Amino acid sequence: VFSAQPYDKSFLNQINRDHFQSVNVEFFYHISPLSKETVPLAAGCNAVCVFVNDCVDESILGLLSEQGTRGVFLRCAGFNNVDLKAAEKLGMFVACVPAYSPEAVAEFAVALMLTLKTHRAYIRVREGNFNLNSLLGFNMHGKTVGIVGVGRIGLAVARILKGFGCHLLAYDPYRVEEFQALGSYTELDDLLQQSDIVTLHCPLIDSTKHLINLDSLKFLKRGAMLINTSRGGIIDTNAVIDALKSGQIGALGLDVYVKEAGLFFIDHSFDIIQDDVFQRLITFPNVLVTGHQAFLTEEALTEIAETTFQNFQNFVDG
Ligand code: NAD
């Protein structure tokens, strides 16, 4: 288990004890991420268990395969960090946890929206300032929210925001009936033009890389809020910074960031903080950044551990 945090150990051990003793699996926990240097730590293991920012590219898969490791188990929904074609060529088994608690991430996305209403007041009061100047807020009720990617998480966001009295728009090449009862599908340009809040819930794949860029941002309603809890690469951060400067984006909430390598490790946090683009982002008072933690709820961790074991069982069963 690479990139293992204390919570991984505690949840995986608990599930193993409670449900899966028959699989007879033995885990070795490594704090370090999977890399060329750490591949040898998996020598003698049938499979590796990795997380969002572990690099599982062609060369790493080749090294794993050479030492007899056949399975890659992701403890996350996204799989953009794995070279699936290379894995297929090498005959390796790859599994992720596609359907764990979508509410964890959906609630976090909505929390970012609501916190962007309140965080300046919170900071001001901590500084002993109860002045209300320039704290004029907005109602969620009646706002138009554009959801990009209406899969499990996007749908959960839609259900929550319906309760707030929001009008819902969605852009997704694949349409589902459940959303039609909550809002309407439209094209991306139209969604950006009409929405007061845009929230991203599509995977990072070739067609979504820099989906939010200089050109698409021109369509954004002036002063709209943008929320990204999906993957950093879906937005072009430099273009977003320009849009913040010009006021095109009125508020920004990010849980994911393009350069996340080493995130979750105190020793590496410094690299991110030193990153010039990150530094520019956090100078804006209307920007909130969290450290890829939308998934981190007790309920989600239990489901992640359960599915990871089930994936392992399927691998063992062939
Ligand atoms: P999902 O597969 O259920 O839904 C993704 C949706 O995106 C699908 O409906 C798909 O049709 C749509 N989509 C695909 N290409 C698109 C495009 N070009 N434009 C618009 N929509 C497109 O996935 P999910 O479980 O809802 O998760 C969504 C993403 O959230 C994951 O891929 C992952 O990157 C991210 N995530 C983040 C965290 C976190 O902690 N921040 C946790 C879990 C998942």
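Up top is the structure.
Residues numbered from 1 in each chain as written. Predicted model: local features only at pLDDT ≥ 70, side-chain atom pairs only at ≥ 80, totals over all residues.

Section: the overall build of the protein
Part 1 of the reasoning: Per the secondary structure count, the protein includes 12 helices and 10 strands.
Part 2 of the reasoning: In terms of C-alpha radius of gyration, the protein reaches 21 Å, essentially the compact-globule figure of 20 Å for 318 residues.
Part 3 of the reasoning: Considered along the principal axes of its C-alpha atoms, the protein spans approximately 60 × 45 × 40 Å.
Part 4 of the reasoning: Burial status across the protein gives 38% buried among its 318 residues.
Part 5 of the reasoning: Partitioning the contacts of the protein with sequence separation of at least 6, the portion at a separation of at least 24 is 69%. (Helix = DSSP H or I, 4+ residues; strand = E, 2+ residues; numbered from the N terminus. Rg over C-alpha atoms; globule rule 2.2 N^0.38 Å. Buried ≥ 20, exposed ≤ 12 C-beta atoms within 10 Å, placed from the backbone. Contact = placed C-beta atoms within 7 Å.)

Here's the deal with the sheet that holds strand β9 (residues 249-254)
Part 1 of the reasoning: The seven strands lie next to each other as β6-β5-β4-β7-β8-β9-β10, forming an open sheet whose pairing is parallel. Of all the strands in the sheet, the pair left with one neighbour each is β6 (184-185) and β10 (287-289).
Part 2 of the reasoning: Here two bridges tie strand β5 (residues 167-171) to β6, and the two strands are oriented parallel to one another. The residue of β6 that forms the bridge with A170 is Y185.
Part 3 of the reasoning: Sitting on the sheet, helix α4 (residues 102-126) touches β7 (197-200), β8 (224-228), β9 and β10, and the angle it makes with β8 is about 135°. (Pairing = 2+ DSSP bridges. Axes fitted to C-alpha atoms, helices over the stretch in contact; angles between N-to-C directions.)

Let's talk about the site of the ligand
Part 1 of the reasoning: Contacts to the ligand come from 29 residues, most closely from G78, G149, G151, I153 and P203.
Part 2 of the reasoning: Among the secondary structure elements, those contributing two or more residues to the shell around the ligand are α4 and α5 (152-163).
Part 3 of the reasoning: Among the elements that line the shell around the ligand, the one with the most residues is α5, at three residues. (Near = placed C-beta within 6 Å.)

Digging into the sheet that holds strand β2 (residues 71-74)
Part 1 of the reasoning: If you trace the three strands from one edge of the open sheet to the other, you get β1-β2-β3, paired in parallel fashion. Two strands close off the open sheet at either side, each with one partner strand: β1 (47-50) and β3 (93-95). Adjacent strand axes in the sheet meet at a mean angle of 10° when their direction is disregarded.
Part 2 of the reasoning: Here three bridges tie β2 to β3, and the two strands are oriented parallel to one another. Within β3, the residue paired with V72 across the bridge is V94.

Some remarks on α5
Part 1 of the reasoning: Here α5 is 12 residues long and its end C-alpha atoms lie 17 Å apart, about the 16 Å a rise of 1.5 Å per residue gives.
Part 2 of the reasoning: Taken as a whole, α5 has its buried residues at I153, G154, L155, A156, V157, A158 and L161.
Part 3 of the reasoning: Looking at the packing, one finds that the buried side of α5 touches α4, β4 (144-148), β5, α6 (177-180) and β7.
Part 4 of the reasoning: One or two steps after α5, the chain reaches G165, where phi turns positive at roughly 80°. (Expected span 1.5 Å × (residues − 1).)

A word on the nonpolar core
Part 1 of the reasoning: V48, V50, V72, L74, A109 and V157 are the most contacted members of the largest nonpolar core, which has 89 residues in total.
Part 2 of the reasoning: The element contributing the most residues to this core is α4, with nine residues.
Part 3 of the reasoning: If we skip the residues at most four places from it in the chain, A109 touches V157, T199, I227, T229 and A294. (Core = buried A, V, L, I, M, F, W, Y, C linked by C-beta atoms within 7 Å.)

Some words on α4
Count 3.6 residues to each turn of an α-helix, and residues three or four apart come out pointing the same way.
Part 1 of the reasoning: Here α4 contains 25 residues, and its C-alpha end-to-end distance of 33 Å stays within 8% of the 36 Å for a straight helix at 1.5 Å per residue.
Part 2 of the reasoning: Of all the bends in α4, the greatest measures close to 45° and is centred on T118.
Part 3 of the reasoning: One or two residues past the end of α4 sits G128, with phi positive at roughly 80°. (Bend = angle between axes of the 7 residues up to and from the residue.)

Regarding the pairing of β8
Part 1 of the reasoning: Summarising burial for β8: five of the five residues are buried, a large majority.
Part 2 of the reasoning: The side-chain alternation of β8 yields two buried faces, one formed by A224, L226 and N228 and the other by M225 and I227.
Part 3 of the reasoning: The pairing of β7 with β8 spans four bridges and is parallel. If you follow I197 over to β8, its bridge partner there is M225.
Part 4 of the reasoning: Across five bridges, β8 lies against β9 in parallel orientation. What sits directly across from A224, in β9, is I249.
Part 5 of the reasoning: Note that the unit made of β8, helix α9 (residues 237-246) and β9 has a crossover that is right-handed. (Right-handed = clockwise from strand over helix to strand, strands pointing away.)

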